[in-house]
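# Results of the structural survey
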Amino acid sequence: MFPCDSVAVINPRIGRTTPVIVQGITGRAGQLHSRLMRQYGTNVVGGVSPGAKGREVNGLPVFAACKEAVAATGAQASVLLVGAMQLLEAMKDAVAAGIRYLVTPTEGMPVHDALVAQRLVREADALWIGASTPGMAIAGKLKLGFLPDDSLRPGPLGLMSKSGTLSYEAGYRLAQRGAGTSVWVGVGGDPVKGTRFADLVPFYGADQQTEALLIIGEIGGVDEEEFAAALTAHRFAKPVFALIAGKSAPEGVTMGHAGALVHGSHGTYAAKRAALEAAGVTVFSSLNEMVEGICARLR
Amino acid sequence: MYLLEHDAKEILAARGIPVPAGRLIERDETIDRLALPPGPWVVKGQIAAGGRGKAGLIRKAATLREITDHVAAVLGATVKGRTVEAVRIEQQVTGAEEAYISLLLDAAAGGVRIILSGRGGVDVEALPAGSIRSDTAVAEAGALASCAERLAAAFDGAKGKALREAGGRLARTFLEHEALLIEINPLFVYPDGQWVAGDAKLITDDNALPRQDALGRLVEARAAAYPDVARKHEHGFDYVVVDPEGEIGLLTTGAGLSMMLIDELRAAGLKPYNFLDIRTGGLRGETRRLTQVLQWIGEGRNVKVLLVNIFAGITDLGEFSRLLVSALAAVPQLKAPVVARLVGNGLPAAREVLAEAGIALYTDLDEALAALRQHLKA
């Protein structure tokens, strides 16, 4: 049966029983998504909001800082719904309190802040997913963030994506055709991020629920090229599929995602496609081709 | 933000990086001879892309007559889809050798890569590997300065001295302006070790713009030169005209999905006008953002149809459709018919609202594209 109750991306395992807090819970997004995550099955145990100590949101206790929230609830994971300019401080608060999983949907985190955050998280041996991510999910069990329920059908396909919306569309079309997902991780569209495609290759290789892997990439950066190299280095034996957006984007123009910026020959569609195909990945040219191709292979 | 060379040099000069004396001349502007630096000169077309020399946008001039001719030839030229709206007339550097220095964000390493070479003036990738010194360092002032100094030690004499000094100053600038890339190619080095930045490529982080005052002021003062960044700075979302001749206006959300849609339209032989990540979550029940976008799309002289493509994970499509209908009514100058393809949360309500407004609604993208083609034929 798909999927499993919990997965071991790092230690501790993350799953239905993992206590989760929401930083920024008193904000508009915090109130909405703490409710929707609970509805989906996530064990949300409280929230943090510096000025709102003692308040309740959706029946959940609100603390002034992560340290108090962790002491009171035993939280191991946090979904950070705070502003871009406040994100680094909020992440420092979470890591210092011993939070091991950080999911940061915030868009627009300054790149130099992300460099600092990346070192902070690595030194603490924690896992950071984001920024600019809709989050992660074990389909049918829990979600950290706001992946749409309609796109989350339990199944054998591991999914990683830089883009939120393109992955919703892909997941939705696949789900409609009966192809569901095991563990879905939105790595996010920023150039400097907590978790890159390549980082999760060993995880997906070992994860017993995952029979095949789909990555949804974008022009810019070298994440896809790195991922291709990691597949080879880890002798990844499951089928791998890819869809890459931005084939016709002009050089030097940022299209929404800070990471999707092509300079010269770096990060081009052609370079990514070539690297992935050389590593044995099936690269699709359109959403339709992807849905048909994956459904045919999974059958 | 990919700064035009002229703006990059102004920013660098303000941080103590020597640049040749130069002056910006925009289209329709007359050249004031007295304001020019002493000659001989170089006339440099300003576009935010590499390969300007090969494209004929960089020309040497020894006389005022030559300046006038070059300015006339370069201004208005279109290279890599960009039109030259301004030139920088700069004093030519003579009696110097060329070197190379760049600092760039290395996202994979989580730091900054510094690249030095004793040769300059050509594409760094074309340089022989043996002539390059490169390493990554943590994005902190001390670490970057000592990395640059260590790399510069491989070069002797004047070039070593110039690269060491330039490395230290550019490292500070890189951090202070939250740059993603600074490339000085060529770095002109005089026999006594004095140096000057011959060209300057500076790319900064748009996300940091709210706290980068000098860059924020630049974007506001020169909004016409940076329309995409200025728009995002002012409005908080992304809109880019990808083809001024485009026939299909796009009202879309999500960077990845919007890019993919443009790819698929182009692959099908269609001509999208714009990229848009409107961020439906940021509409907050108001039509302001939609009205603004519809006005911009209305400026496309060949736009024949508006394609709305929204995948609503959280957004309520019923509310979105009501906002869309009001916004369309508020922008009567946009006469293009609307094809809407909506999927997700609140679809039944959206269907009612759009039917009442006479807008065709599809849930299947291929069916929406077929309807789009009908409108393009008409």
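Just so it is clear, the structure is predicted and the values come from calculations on it, not from any experiment. (Residues numbered from 1 in each chain as written. Chains lettered and ligands numbered in written order. Predicted model: local features only at pLDDT ≥ 70, side-chain atom pairs only at ≥ 80, totals over all residues. Heavy atoms only, no water.)

### Some points on the confidence of the model for chain B
Residue and element names in this part refer to chain B. Selection criterion: What pLDDT expresses is the predictor's confidence in each residue, scored from 0 to 100. Secondary structure counts use DSSP, requiring at least four H or I residues in a row for a helix and at least two E residues in a row for a strand, with both numbered from the N terminus.
Chain-level pLDDT for chain B is 93 on average; 100% of the residues reach the 70-or-more range. The secondary structure element of chain B with the lowest average pLDDT is helix α6 (residues 227-235), at 86, and the one with the highest is strand β11 (residues 195-197), at 98. For this predicted complex, the interface score ipTM comes out at 0.90, alongside a pTM of 0.92.

### Examining the packing of helix α3 (residues 87-96) of chain A against helix α4 (residues 111-123) of chain A
Pairs of packed helices are described in terms of their axes, by the angle between the two and the distance that separates them. Residues and elements named next belong to chain A. As a reminder of what qualifies: Orientation is described by lines fitted to C-alpha atoms, with helices fitted over the stretch in contact, and by angles between N-to-C directions that extend from 0 to 180 degrees. If an angle is under 35 degrees, it is roughly parallel; if it is over 145, roughly antiparallel; if it lies from 65 to 115, roughly perpendicular; otherwise it is oblique. Contacts are residue-level and defined by heavy atoms, with any inter-residue pair within 4.5 Å sufficient. Residues are grouped as follows: Ala, Val, Leu, Ile, Met, Phe, Trp, Tyr, Cys and Pro are nonpolar; Asp, Glu, Lys and Arg are charged; every other residue, Gly included, is polar.
The interhelical angle for the contact between α3 and α4, taken along N-to-C directions, is 5°, at an axis separation of 10 Å. The orientation of α3 with respect to α4, classified from their angle, is roughly parallel. Contact residues: L88, M91, K92 and V95 in α3; D113, V116, A117, L120 and V121 in α4. Its residues assigned to classes, the contact of α3 with α4 shows seven nonpolar, no polar and two charged.

### Things to note about empty space enclosed by the protein
Residues and elements named next belong to chain A. Heads up, the rule is: In the cavity and pocket records, a cavity denotes points on a 1 Å grid over the protein atoms alone where a 1.4 Å probe fits but cannot get out, a pocket denotes an open set with protein on both sides within 12 Å along at least 5 of 7 lines, and lining residues are residues with an atom within 4 Å of a point. Grid points are joined across faces, edges and corners, and a volume is the space filled by probe spheres set on the points.
Following the criterion strictly, the structure yields two cavities of 30 Å³ or more and no others. Roughly 40 Å³ of volume is contained in the second largest cavity. Lining the second largest cavity are V9, L127, I129, M136, V183, V185, L200 and F203. Where the lining of the second largest cavity is concerned, the elements lending two or more residues are β9 (127-130) and β13 (181-186).

### What about the sheet that holds strand β12 (residues 154-161) of chain A?
Adjacent strands of a sheet pair through backbone hydrogen bonds, lying either parallel or antiparallel. Residue and element names in this part refer to chain A. For the record, the criterion: Any two strands are treated as partners once DSSP identifies two or more bridges connecting them.
The strand order across the open sheet built from seven strands is β11-β10-β13-β12-β14-β15-β16, with neighbouring strands paired in mixed fashion. Of all strands in the sheet, those bounded by a partner on one side alone are β11 (142-145) and β16 (282-284). When the angles between neighbouring strand axes are averaged without regard to direction, this sheet yields 15°. Looking at chain direction, strand β10 (residues 135-138) and β11 are connected through four bridges and run antiparallel. Residue pairing in the sheet places M136 in a bridge with L144 of β11. Relative to β11, helix α1 (residues 28-40) is tilted by about 165°, and along the sheet it contacts β10 and β11.

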